[in-house]
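# A structural walkthrough
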Amino acid sequence: GCAAPGNKTTQLAAMVGREGGVFAFDADARRLKRLKENAATTASNNIIRAKCQDFLTVDPEDKMYASVRALLLDPSCSGSGTEVNRGDILLRDALGANEDEDDVAEEDEARIDKLAAFQKSVLKHAFDFPEVERVSYSTCSVHEKENEEVVRDVMEAARAKGFKLFHALPKWHRRGVRIEGLSESDAQCVIRADPMEDDMEGFFVAIFERDVSLTRSKGENLIPSNPNAAASA
């Protein structure tokens, strides 16, 4: 969906190998060009099928994607988890020294609300792919609104399609934040990294998994043409 510049996409290509395939979507032609260059550099351009297209306009019912088993979603986010390492906070404070703090906070909150709405729409769209068994959602944000709240708000749509949260990276020590509407067990399924406490960029990961018996081909006895196919979003 937002695959450029392609680091995760080329990693997927390495995982599925030449027996599989990766569809990579990005609406920005300039960024997609960079993805294609990275694919060529890693000799994965015959595995990656890059498309200049908004992921939300991709038709899950298109036969082209009938064999897609996994979706990696790394949609646009606030990038708040990278601010400490990049020094963005110091720069922003310097540039905004004469601005009203309340106005800045309101602008930030409105932007995060808009991003969260987009993130939810991307996840819900991913659940509509009839053969997908696993959906990975990640951000480089530390805001609950883009992380745990997004997961909570799409859980009804996920369950309706047979998905549930999978216990991501069980050995990682920092789990999700327990918020209203998200059970303790679900919060334990997702992971976080704290830029201050963990000495790394802040990020968040949630994985949704569906019982294979609930995919369409299991019920219709269809044979997938490419069982290793994946999509990078």
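Anyway, here's the lowdown on the structure attached to this text. In this numbering scheme, every chain counts its residues from 1 along its sequence in written order. With the structure being a predicted model, the display of local features is reserved for residues of pLDDT at least 70 and the display and counting of side-chain atom pairs for 80 or more, all residues being used for whole-chain, interface and lining totals. Hydrogens are left out, water is left out, and the side-chain values use all remaining heavy atoms of the structure.

## Brief notes about the overall build of the protein
Put simply, the rule is: Per the convention used, a helix needs a DSSP run of H or I reaching at least four residues, while a strand needs a run of E reaching at least two, with both numbered from the N terminus. Exposure categories follow from relative accessible area, calculated using a 1.4 Å probe and restricted to protein chains: below 20% of the type maximum is buried, above 50% is exposed, and the middle band is partly exposed. Here, residues are in contact when the closest pair of their heavy atoms is within 4.5 Å. Method for areas: the Shrake-Rupley scheme with a 1.4 Å probe, in which residue coverage is limited to the protein chains shown.
A tally of regular secondary structure across the protein gives 8 helices and 8 strands. Counting only residues that meet the buried cut, the protein has 42% of its 233 residues in that class. Sequence separation of 24 or more characterises 77% of the internal contacts of the protein that already satisfy a separation of 6 or more. In the structure as shown, the protein presents an accessible area of about 12,600 Å², 50% of it carried by carbon and sulfur atoms.

## As for the side chain of Ser 141
Quick reminder of the rule: In protein, a polar contact means a hydrogen-donor-capable atom and an acceptor-capable atom, both N or O and within 3.5 Å, with residues adjacent in sequence counting only if both atoms are side-chain atoms; elsewhere, any N or O pair within 3.5 Å suffices.
For Ser 141, the location among the structural elements is in the loop between strand S4 (134-139) and helix H6 (148-160). For Ser 141, a relative accessible area of 1% translates into the label buried. A distance of 3.0 Å separates a polar atom in the side chain of Ser 141 from the backbone nitrogen of His 143. Within polar-contact distance, the side chain of Ser 141 engages the side chain of Glu 146 at 2.6 Å.

## Topic: the nonpolar core
Definition in use: Among the buried residues, those of types Ala, Val, Leu, Ile, Met, Phe, Trp, Tyr and Cys that are joined through side-chain atoms within 4.5 Å form a nonpolar core.
With 33 residues, the main nonpolar core has Phe 55, Leu 123, Val 135 and Phe 208 as its most contacted residues. At the level of secondary structure, the elements contributing two or more residues to this core comprise strand S1 (22-26), strand S3 (70-73), helix H5 (101-127), S4, H6, strand S5 (163-166), helix H7 (184-189) and strand S7 (203-210). Here Phe 55 is in contact with Gly 1, Phe 25, Leu 71, Leu 73, Val 122, His 125, Ala 126 and Phe 129, once residues within four sequence places are set aside. Grouped together as the second largest cluster of nonpolar side chains are 12 residues, Ala 3, Val 22, Ala 39 and Ile 47 included.

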